[in-house]
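Report on the structure
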Amino acid sequence: VQLVESGGGLVQPGGSLRLSCATSGFTFSSYDMSWYRQAPGKEREWVAGITSTGTSTNYADSVKGRFTISRDNAKNTVYLQMNSLKPEDTAVYYCRLLRLGYYYWGQGTQVTVSS
C-alpha cells in the first residue's frame with residue numbers, strides 16, 4: 001500500500017490550493033478515505049472524510065464550507081480542494097486509509113498560509 005500526497009505550498013491568506021493523494025497497492029474504490037493535518041506543536045487532527053463511492057463526505061467544523069474532499073476512483077486518487085485559506089490552516093496534510101484494521105498514512109505535504 002502506498003499513499004503519496006502532493007500539491008502543498010505557500011499561499012497567501014484567502015488563497016486556494018488543491019491537494020492530491022495518489023494511491024496504489026489496494027482496491028481504492030472499496031475504501032473510505034480521509035484527510036488529516038498536523039500543525040507545529042499540535043496533535044494530528046481529522047479534516048475531512050469521503051466514502052468509497054464518493055457519495056458521502058464529512059468535514060471538521062473548522063474547514064466546513066471552505067474545503068471540499070473528492071475522489072476519482074478511476075485514478076485511485078483522493079483530493080482536497082482548499083479555498084479561503086487562513087493562517088491557522090498551516091500544517092502538514094496527510095491522507096489516511098483504514099484497511100483491514102490497519103492505518104496507512106502518506107508522507108504528508110506542507111501547506112503554509114502566510115502573507
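So, here is what we can say about the structure in this document. Every value quoted in this text rests on a predicted model; they were computed, and no experiment measured them.

Details of the pairing of strand β9 (residues 91–99)
Of all 9 residues in β9, 7 are buried; the element is thus mostly enclosed. Note that strand β4 (residues 33–38) and β9 share 6 bridges and pair antiparallel. Its bridge partner being in β9, S34 is matched across the sheet by R96. Taken together, the 4 bridges between β9 and strand β10 (residues 102–105) define a ladder with antiparallel strand orientation. Directly across from R99, in β10, lies its bridge partner Y102.

Describing the packing of aromatic side chains
The geometry of an aromatic ring pair comes down to the distance between the two centres and the angle between the two planes. Counted under the stated rule, the structure contains 5 aromatic pairs. Centre to centre, the rings of F26 and Y31 are 5.9 Å apart; their planes meet at 70°, and the pair counts as edge-to-face. Measuring from centroid to centroid gives 6.3 Å for Y94 and W105, while their planes differ by 90°, and the two rings are edge-to-face. Linking Y94 in strand β9 with W105 in strand β10, this pair joins segments that are 11 residues apart in sequence. Using a relative accessible area of 12% as the deciding quantity, one classes Y94 as buried. By relative accessible area, W105 is classed as partly exposed at 34%. A network of ring pairs unites the aromatic residues F26, F28 and Y31 as a single cluster.

What counts, and at which threshold
Residues numbered from 1 in each chain as written. Predicted model: local features only at pLDDT ≥ 70, side-chain atom pairs only at ≥ 80, totals over all residues. Heavy atoms only, no water. Buried < 20%, exposed > 50% of the residue type's maximum accessible area, 1.4 Å probe, protein only. Helix = DSSP H or I, 4+ residues; strand = E, 2+ residues; numbered from the N terminus. Pairing = 2+ DSSP bridges. Phe/Tyr/Trp six-rings, centres within 6.5 Å; stacked < 30°, edge-to-face > 60°.

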